[in-house]
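Structural overview for review
Given next are the chains, with one letter for each unit.
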Amino acid sequence: MQERHDAPLAPLTTFRLGGPARRLITATTDAEVIAAVREADETGTPLLIIGGGSNLVISDKGFDGTALRIATTGFTLDGTALELAAGENWSDAVARTVEAGLAGVECLAGIPGSAGATPIQNVGAYGQDVAQTITEVVAYDRRTGETVTIPAADCAFAYRHSRFKADPTRYVVLRVRFELEDADGLSAPIRYPETARALGVEAGDRVPAAQARETVLKLRAGKGMVLDPEDHDTWSAGSFFCNPILTTAEHAAFLARVADRLGADVAPPAYPAGEGFMKTSAAWLIDKAGFTKGYGAGPARISTKHTLALTNRGEATTEDLLALAREVRAGVHEAFGVTLVNEPVTVGVSL
Ligand code: EPU
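How each quantity is defined
- Residues numbered from 1 in each chain as written.
- Predicted model: local features only at pLDDT ≥ 70, side-chain atom pairs only at ≥ 80, totals over all residues.
- Heavy atoms only, no water.
- UniProt positions renumbered as here; feature names shortened; annotations may be inferred.
- Pairing = 2+ DSSP bridges.
- Helix = DSSP H or I, 4+ residues; strand = E, 2+ residues; numbered from the N terminus.
- 1 Å grid on protein atoms, 1.4 Å probe; cavity = no way out; pocket = protein on both sides within 12 Å on 5 of 7 lines; lining within 4 Å.
- Points joined across faces, edges and corners; volume = space filled by probe spheres on them.
- Nonpolar A, V, L, I, M, F, W, Y, C, P; charged D, E, K, R; others polar.
- Domains from an automatic or database assignment.
- Buried < 20%, exposed > 50% of the residue type's maximum accessible area, 1.4 Å probe, protein only.
- Contact = heavy atoms within 4.5 Å.
- Polar contact = N/O pair within 3.5 Å; in protein donor to acceptor, adjacent residues only side chain to side chain.
- Lys, Arg positive; Asp, Glu negative; His and termini not counted.
- Salt bridge = Lys/Arg side-chain N within 4 Å of Asp/Glu carboxyl O.
- Near = heavy atom within 4 Å.
- Buried area = accessible area lost by both parts, 1.4 Å probe.
- Phe/Tyr/Trp six-rings, centres within 6.5 Å; stacked < 30°, edge-to-face > 60°.
- Lys NZ or Arg CZ within 6 Å of the ring centre and 35° of its normal.

Naming follows an unreviewed UniProt entry, where the protein chain appears as UDP-N-acetylenolpyruvoylglucosamine reductase of Streptomyces klenkii. Per UniProt, the protein chain carries the Sequence similarities (unreviewed entry) text "Belongs to the MurB family." Within the UniProt record for the protein chain, the comment given under Subcellular location (unreviewed entry) is "Cytoplasm".

As C-alpha cells, then:
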C-alpha cells in the first residue's frame, strides 16, 4: 500500500484534469482496498474510488478526502471461466482472452479503464457489453461491511447502467467473473453492422476472434477512441454523453423536430431499446445541432474524429470542459428538444 498527501489526481485520469486529493492511497490487494474503505467509512472521510480514470471528471479544486486507487492484480483463466481483479487493465485482459482462443469480450478491445469498472456502467461497444458474459461480481458492501458475491442476474444490468451505478456509494468492486466461449478461436457472432461491414461478413457471422479484436481496435482508433498519450485528440473519456433513450411518444416528437429543422427525408439513427422505447444517437444530435468534429476554439474541444468525445487539448481545466459540455447540451436541447446526460462520473462538480 502506498500513501501520499496533497496528491495530483489529473495524471490518474484520461482527461488529465482535476485538482489534488487530500490523501491518495494505492491499494494492491483486496485486503488493502477493504482496509482503506473501512477506515474512510469509520472516520466519516469522503472516499473517491479510482480505477483506470477513464470515466472521471474531477473538479479543479480536487477532492477533499481519501482517493483510493485500485491497483490489484489477478487474471485467472480456468477453462472458459475468467476471473479478473478489479485493478487489471481491461484492454490487456481482453487481449489475453483472445490469445487464449476464447470469445465473448473481443469487441470490447481498446476500451480504456480497469476491469472493476466494467460492471458499474455495463461497459459496451461494437455489439458486446459485459452483461453478456459476466457471471458474478465480488464486491465489498460498505453498508454491511461484508464481502459479497453478486450473481449477474442481481446486477440490474441495462444500457450503461447497473445496480452499482444506481447505488454508487454502496459497493466497491473487488473481482469480476466471466464465462467466455470456446469457439475454436472464433469470435462470438458479430452483431454491430459497422463491424460486420469492416470485416466483410454478415451480421451474425463469426470470424477469428483475433481478427474481430483487431478490426474493433482499428474502428476505435479511427474515432479517436484509443488512448494515446501523445495525441490530445484522445484525451477524453470516450463518449461524453449517453445515447438518449426516448419513449415512443418522445421519439415521434423528436422525428417531427428533425423533419422541421433538417427536412422530411432525414432519418436520424434509431435503435430499438425495449418495448415502448427507441434509442437515438448522441453523436448525430451533436453533429446536427452544429457542433461538428473539432468544434471549439478553447483548450477543450470536440474530438476531430467523433462528436461524442470531448477532449482536453492539453491546457484545459475541468471548468473549460464543463463549459463546452453545457454548451453542447444546451444546443442539442434547443435544436431537438432532447436533453443529453453525461456518461462519465463527475466528482465535486456537475453538469
Ligand atoms: N455520428 C455522427 N457524427 C460523428 C460520429 C457519429 O453523426 O462524429 C453518428 C453516425 O450516424 C453514426 C452514429 O452517430 O452512425 C453512431 O456512432 P458510433 O457507431 O460511433 O456509435 P456511438 O453511438 O456514438 C457507441 C458507444 C461507444 C462505442 C460505440 C461502438 C455510447 C454512449 N457510446 O457510440 O462507447 O464505442 O457505440 O459500439 O453508447 C463509450 O461509451 O465511452 C464509448 C466510446
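Right, let's get into the pairing of strand β6 (residues 75-78). Relative to strand β7 (residues 81-85), β6 runs antiparallel, the two sharing 4 bridges. Bridge pairing in β7 places Thr76 opposite Glu83. Connecting the antiparallel pair β6 and β7 is a turn made up of 2 residues, with Gly79 showing a positive phi of about 65°.

This part takes up the UniProt feature "domain: FAD-binding PCMH-type" (unreviewed entry) in the protein chain. Under the UniProt annotation, the feature "domain: FAD-binding PCMH-type" (unreviewed entry) is placed at residues 17-183. Between the C-alpha atoms that bound residues 17-183 there is a distance of 42 Å. The span itself is 17% helix and 35% strand.

For the second largest pocket, the calculated volume is near 310 Å³. Taken together, 20 residues make up the lining of the second largest pocket; nearest its centre are Gly51, Gly52, Asn89, Gly113 and Ser114. Considered class by class, the residues forming the lining of the second largest pocket number 8 nonpolar, 10 polar and 2 charged. Two domains each provide a minimum of three residues to the lining of the second largest pocket, namely domain 1 (2-70) and domain 2 (75-222).

What follows is about helix α2 (residues 90-99). Of all 10 residues making up α2, 7 are buried, and the element is well covered by its neighbours. Where α2 is buried, its residues touch β6, β7, β12 (171-179) and α5 (209-222). One side-chain oxygen of the residue at the start of α2 lies 3.1 Å from the amide nitrogen of Ser91, identifying that residue as Asn89. One or two residues past the end of α2 sits Gly101, with phi positive at roughly 80°.

Considering the arrangement of structural elements, one finds Arg220 in helix α5. In this structure, Arg220 is buried with no salt-bridge partner, the nearest side chain bearing the opposite charge being Glu343 at 8.9 Å.

This part covers the site of the ligand. Not every one of the 27 residues close to the ligand is listed here, only the nearest: Tyr126, Tyr192, Lys223, Asp287 and Glu343. Contact distances for the ligand include 2.8 Å between an oxygen atom and a side-chain N or O atom of Arg160. The contact in question runs from an oxygen atom of the ligand to an N or O atom on the side chain of His306, over 2.8 Å. Considering each element in turn, the shell around the ligand owes the most residues, 3 residues, to helix α7 (residues 282-288). A breakdown of the residues in the shell around the ligand according to their chemical character gives 13 nonpolar, 7 polar and 7 charged.

Moving on, we come to the domain arrangement of the protein chain. Structurally, the protein chain comprises domain 1 (2-70), domain 2 (75-222) and domain 3 (232-347). One C-alpha centre belongs to domain 1, the other to domain 3; they are set 29 Å apart. Of the residues lining the interface, 14 residues belong to domain 1; the matching set on domain 3 comes to 18 residues. Across the domain 1 to domain 3 interface the summed buried area is about 1,300 Å²; carbon plus sulfur atoms make up 60%. If you sort the residues of domain 1 by the area they bury against domain 3, Phe15, Asn55 and Val57 come out on top, with a joint share of 48%. Taken together, the links from domain 1 to domain 3 amount to 0 salt bridges. Across the contact surface, domain 1 and domain 3 share 9 residue pairs in polar contact (both at pLDDT 80 or more). Counting residues per element, the side of domain 1 that touches domain 3 draws most heavily on strand β4 (residues 56-58), which supplies 3 residues. Grouping the constituent residues of the side of domain 1 that touches domain 3 by class yields 7 nonpolar, 5 polar and 2 charged.

The next point concerns the packing of aromatic side chains. Following the criterion strictly, the structure yields 8 aromatic pairs and no others. Where Tyr126 meets Tyr192, the ring centres are 5.1 Å apart and the plane angle is 80°; that geometry is what we call edge-to-face. With Tyr126 in the loop between β8 (124-125) and β9 (128-129) and Tyr192 in the loop between β12 and α4 (193-199), the pair connects residues that are 66 residues apart, well separated along the chain. Tyr126 gets classed as buried once you look at its relative accessible area, which sits at 8%. Look at Phe291 and Tyr295: their rings are 5.0 Å apart centre to centre, the planes differ by 85°, and that puts the pair in the edge-to-face class. Given the relative accessible area of 6%, Phe291 is considered buried. Ring pairs connect the aromatic residues Phe15, Phe240 and Phe241, which therefore count as one cluster. Lying over the aromatic face of Trp235, Arg16 brings its terminal NZ or CZ to 4.5 Å of the ring centre. Geometry around Phe336 places Arg261 over its ring, the cationic atom sitting 5.9 Å from the centre.

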